[in-house]
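Structural overview for review
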Amino acid sequence: MSARARAATVKPKPEASPPAEDGDARRQVPSLDALLRSAPATKAAVKFGRPLVKHALQVILAGVRTDAAEGTGVPEEGIVLARALGLAARNYYGISEVMNASGVLLHTGLGRAPLPERAARAAAQAAKGYADLEVDRETGGRGRRTARAEALLEAVTGAPAALVVNNNAAALLLALAALATRKEVVVSRGELIEIGGEFRLPEIMAASGAKLVEVGTTNRTTRNDYKRALGSKTGLILKVHPSNYRVVGFTHAVSLEELAVVAREARIPLLYDIGSGLLDRYPEVPVEEPAVTEALAGGADVVSFSGDKLMGGPQAGLLVGRADLIERLRRHPLARALRVDKMTVAALEAVLRMYATGRRDELPVWEYLTASQSVLLGRAKGLACVFKGATVRESDAVAGGGSLPGFGIPSAVLVLPVRSPDRVAARLRLGQPPVFCRVDDGTLLFDLRTVPPEYDDDLVRAIRYALEQD
C-alpha cells in the first residue's frame with residue numbers, strides 16, 4: 001500500500017448508529033473536537049496539516065447532519081473519519097496525472113488537450129522565475145503580455161489583429177460587452193447553445209449587458225429572418241457554431257457568406273464563435289467543422305475560439321479579426337479582468353510556434369487524431385494476450401470537448417469482462433496511475449486512441465492491480 005493510501009486509511013465499522021430516543025438523529029452526530037482529537041485525525045494532521053483535516057471534517061459532518069435531519073441514520077465515527085480523511089487526502093494531493101482510456105480525446109473532465117512537451121517546459125520555465133511578461137526589453141518600458149502570442153496568431157491565421165483572454169466564454173463575453181452593451185444582438189434560435197456546466201448563451205449575453213434578439217426557429221433560419229430583425233438598436237450579429245450537437249432533417253441555416261453580406265449592407269459587425277479552435281483546413285477533419293482562416297475569408301469581422309481544443313494548446317480564449325474591433329475589445333475594462341497568466345502565455349506561444357514552423361503533427365491532440373486504426377488494433381491484441389478472457393474490437397473514439405459533433409474516429413478497444421465492472425472501474429480511477437475507461441454491458445473498455453503507446457505497460461500494471469482486489 002502506498003504512503004498516500006496508508007495516511008488516509010481508517011477501518012470503520014459498517015453499522016450505523018440508531019436514531020436518538022427523542023427522534024432527533026442529529027444528536028448522534030459526533031462532535032468536531034472529538035474527531036479532531038482522535039488518533040487517525042491526529043496522524044493525518046501531521047501529514048496534511050490540521051486546517052485541512054478540520055475543513056474536511058466540517059464538510060463531512062455538515063452532510064451527515066443534513067442526512068440525519070432527513071431521517072438517515074448517523075454513521076459510526078470510523079466511517080465519518082474515513083470519509084473526511086479521504087477528502088483531506090484528495091485535497092492535499094490535488095490534481096493528479098491520469099491515463100485516459102475513455103476514447104474521448106478532448107475530455108473536459110480530464111483537462112482537454114494535453115500539451116506538447118515543449119509547451120509544458122515553456123510554462124514551467126516561466127513559472128519558476130522572473131519573465132519579461134510585460135516589459136519591452138529594447139526600451140525598458142511597459143509591454144503587453146500577450147503581444148508575442150497575438151503576433152503569432154496573426155501570422156498563422158492571416159488575421160489583421162488578435163487578442164488573447166482566459167477562455168472562449170470569456171472571449172464571447174468581452175466581445176458582447178465591448179461591441180453591444182445596451183444594444184441588440186441578433187442570433188438564430190438554432191444556435192442558442194449550452195456550453196456545459198449549465199452555462200447558456202442567453203445567460204452570457206445577459207451578463208454582458210446586450211439584449212438578445214432571437215430569429216428563425218430551432219431547425220430553420222433564413223436570411224430574411226436576420227434582415228427583418230435589424231434596426232437602429234442592433235449592435236451585433238452573432239453566429240455560433242453548434243460545436244457539441246447536430247441538428248439533422250428538415251433544417252436550414254444561413255451560411256457565413258450570406259450572413260456577411262447582410263451584416264455589410266447594414267453596417268453591423270458580424271461575430272462568429274467557432275468554438276473548437278481549428279486554425280486551418282486540415283484533411284483529418286470533416287468539412288462541417290469551421291476553420292479560423294475560412295471564417296475570416298468568409299466575411300466574419302471577429303472570430304472567437306478556444307485554445308485547448310483542436311488547436312491543442314492551453315486553456316485560452318482567442319479572438320481574431322478587424323483591427324478596429326479588436327482594439328475596442330482590448331480597451332474594454334473587462335479585458336484586464338479576463339487576461340491570462342504568464343504560464344498560459346508561455347505555453348500558448350510554444351504551441352503557436354509549432355504551427356508557424358509546420359510542426360502541427362507533433363501536437364499530442366493531432367497525434368491522437370491521426371493514429372492508424374490498424375496500429376491501435378495491433379496494440380490492443382498485444383494487451384489482450386495478457387488478460388484471460390480479454391478480446392479486441394473496433395470502435396469509434398470521439399473528439400469531445402465541444403468539437404466534431406457526430407464524427408466518429410475509428411479506433412480499437414481492449415474488452416475485459418469482469419464480475420463487478422463498476423467496482424473495478426472505481427479501483428482503476430483510484431489507482432496509481434489513475435485510469436479512466438468505459439463500462440459497457442458488464443465489461444470494461446479501454447480505448448487506445450487516447451493512450452500513448454509508451455503507457456501500455458503502465459496500463460497493464462494498473463489493470464492487474466485492480467483485478468487482484470476484485
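Summary of the structure given here. Everything numeric here is computed off the predicted structure, so don't read it as measured data. (Residues numbered from 1 in each chain as written. Predicted model: local features only at pLDDT ≥ 70, side-chain atom pairs only at ≥ 80, totals over all residues. Heavy atoms only, no water.)

Topic: the pattern of salt bridges
Note the following rule: Each salt bridge in this description consists of a side-chain nitrogen of Lys or Arg and a carboxyl oxygen of Asp or Glu lying within 4 Å of one another. The helix and strand labels rest on DSSP assignments: H or I over at least four residues marks a helix, E over at least two residues marks a strand, and numbering proceeds from the N terminus. Note on exposure labels: buried denotes an accessible area under 20% of the residue type's maximum, exposed denotes more than 50%, and partly exposed covers the range between, all computed with a 1.4 Å probe on protein chains only.
Tallying each qualifying case throughout the model produces 25 salt bridges. Between Asp-225 and Arg-228 there is a salt bridge whose closest N-O contact spans 2.8 Å. Here the residue Asp-225 and the residue Arg-228 both occupy positions in helix H10 (residues 223-229), the gap between them amounting to 3 residues, near one helical turn. For Arg-228, a relative accessible area of 63% translates into the label exposed.

Some words on unusual backbone geometry
What you tend to see is this: most non-glycine residues have negative phi, and most peptide bonds are trans. Omega for the bond connecting Gln-432 with Pro-433 falls within 30 degrees of zero, at 5 degrees, which places this linkage in the cis form. Residue position: Pro-433 is located in the loop between helix H18 (421-430) and strand S13 (435-436). Phi is positive for Leu-404, close to 50 degrees, though the residue is something other than glycine. By the element assignment, Leu-404 lies in the loop between strand S11 (391-398) and strand S12 (408-417). Leu-404 sits in the buried class, given a relative accessible area of 4%. Positive phi values are uncommon outside glycine, yet Asp-441 reaches one of about 50 degrees. Relative to the helices and strands, Asp-441 is located in the loop between strand S14 (438-440) and strand S15 (443-447). We classify Asp-441 as exposed; its relative accessible area is 73%.

Thoughts on helix H9 (residues 201-208)
Short version of the rule: This arc describes the spread of directions from the helix axis toward the C-beta atoms. Every residue pair with non-hydrogen atoms within 4.5 Å of one another is taken to be in contact.
Of all the positions in H9, only Leu-201, Ile-204, Met-205 and Ser-208 are classed as buried. Buried residues of H9 fall within an arc of 100 degrees about the axis and therefore sit on the same side. Away from the buried face of H9 by more than 90 degrees, exposed residues Ala-206 and Ala-207 are located. Turning to H9, the residues buried within the fold contact helix H8 (168-180), strand S5 (184-188), strand S6 (211-215) and strand S7 (234-240). Directly after H9, the chain includes Gly-209, whose backbone phi takes a positive value near 90 degrees.

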